[in-house]
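Listed here are the chains, written in short residue letters.
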Amino acid sequence: MATQEGTSTVDDAVIDRFDLTKGLVLQEFGYDDDVDFALRKAVEEKTGEEIVDEDYGDVTDGVLLWFREGDDDLTDFLMDVQSLLEGGGAVWLFTPKAGTTGHVPPRDVQEAASVAGLHSTITFVVGEGWSCTRLVDKGWQK
């Protein structure tokens, strides 16, 4: 179990679903005080790298995007972050779980992803308040 200050933990089985390896550079968008800090710490431990912020000036291996209902347009976000990815890089889209403030309906995620040229490969619950959908370029297969 990965831990973050106090009792917050991320189960190893959850972090393994991200299919992360050492040395990956991940860029984060939508960071706010409601993100899952234990999950962020577990991701950094798994990659051995600090998560870089929105101002990072180079391509990355993946994107962590925290998105809530009422944020800017999801389709636009997804199209913008793709230009920052190294070939085959994934977008891990975090949205508040159903029944919580800021929840984004799955149909909205699928529509935005499709318009942006992405498709989801897996959706799973992370932490206490977030769901994660892994999005990849429609031409990418794993």
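Note that the structure is a prediction, hence the values are computed from the model and not measured.

## Some thoughts on the pattern of salt bridges
As a working rule, side chains carrying opposite charge can pair if their charged atoms are close by. Across all of its chains, the model carries 4 salt bridges by this definition. For Asp-16, the salt bridge identified is with Lys-46, shortest N-O distance 3.1 Å. Here Asp-16 is found in helix α1 (residues 12-16), whereas its partner Lys-46 is found in helix α2 (residues 37-47), with 30 residues between them in sequence. Of the charged contacts in the structure, one is a salt bridge between Asp-34 and Arg-68, with a shortest N-O distance of 2.8 Å. Within this pair, whereas Asp-34 is found in the loop between β3 (26-29) and α2, its partner Arg-68 is found in the loop between β4 (60-66) and α3 (74-82), the two being separated by 34 residues in sequence. For Arg-68, a relative accessible area of 11% gives the class buried. Connected through salt bridges with shared partners, the residues Asp-34, Arg-68 and Asp-71 form a single ionic network.

## Here's the deal with the sheet that holds β4
Spatially, the 5 strands line up as an open sheet ordered β3-β4-β5-β7-β6, and their pairing is mixed. Here the strands that pair on one side only, and so sit at the sheet edges, are β3 and β6 (118-126). Shown here is a sheet whose adjacent strand axes are inclined to one another by a mean of 20°, direction ignored. With 8 bridges joining them, β6 and strand β7 (residues 130-137) adopt antiparallel strand pairing. Within β7, the position partnered with Leu-118 by the bridge is Asp-137. Its contacts with the sheet put α3 on β3, β4, β5 (85-96), β6 and β7, and the angle it makes with β5 is roughly 150°. Contacts between helix α4 (residues 106-115) and the sheet are confined to β5, β6 and β7, with β6 contributing the most and set at about 145° to the helix.

## What about unusual backbone geometry?
Of note in the backbone geometry, Asp-19 takes a positive phi value of approximately 55° without being a glycine. Considering the arrangement of structural elements, one finds Asp-19 in the loop between α1 and β3.

## Digging into α3
Inspection of α3 places Leu-74, Thr-75, Leu-78 and Val-81 among the buried residues, and these make up the whole buried set. The buried residues of α3 occupy one face: seen down the axis, they fall within an arc of 140°. Looking at the buried positions of α3, the neighbouring elements they touch are β3, β4, β5, α4, β6 and β7. The backbone nitrogen of Thr-75 has a side-chain oxygen 3.3 Å away, supplied by the residue at the start of α3, namely Asp-73.

## Here's the deal with the pairing of β7
With 7 of 8 residues buried, β7 is to be regarded as a mostly interior element. One ladder, built from 6 bridges, connects β5 with β7; its direction is antiparallel. Residue pairing for β7: Thr-95 is matched across the bridge by Ser-131. Taking the residues between adjacent antiparallel strands as the criterion, β6 and β7 are bridged by 3 residues, where Gly-127 takes a positive phi near 65°.

Conventions adopted
- Position numbers for residues count from 1 along each chain, tracking the sequence in the order it is written.
- Given that this is a predicted model, residues contribute local features only at a pLDDT of at least 70 and side-chain atom pairs are listed and counted only at 80 or more, while totals for whole chains, interfaces and linings are drawn from all residues.
- Side-chain measures were taken over the full set of non-hydrogen atoms in the model, leaving aside hydrogen atoms and water.
- A carboxyl oxygen of Asp or Glu within 4 Å of a side-chain nitrogen of Lys or Arg is what we treat as a salt bridge.
- For the purposes of this entry, the term helix denotes a DSSP run of H or I that reaches at least four residues, the term strand denotes a run of E that reaches at least two, and both are numbered from the N terminus.
- Burial classes follow relative accessibility: with a 1.4 Å probe on protein chains only, a residue under 20% of its type's maximum area counts as buried, one over 50% as exposed, and anything between as partly exposed.
- Here, any two strands with at least 2 DSSP bridges between them count as paired.
- Convention adopted: a line fitted to C-alpha atoms gives each axis, helices being fitted over their contacting stretch, and angles between N-to-C directions are expressed from 0 to 180 degrees.
- Two residues form a contact once any of their heavy atoms are found within 4.5 Å.
- The arc in question is the one traced by the directions running from the helix axis out to the C-beta atoms.
- Two N or O atoms form a polar contact when they lie within 3.5 Å of each other; inside protein one atom must be a possible hydrogen donor and the other a possible acceptor, and for residues adjacent in sequence the pair counts only when both atoms belong to side chains.

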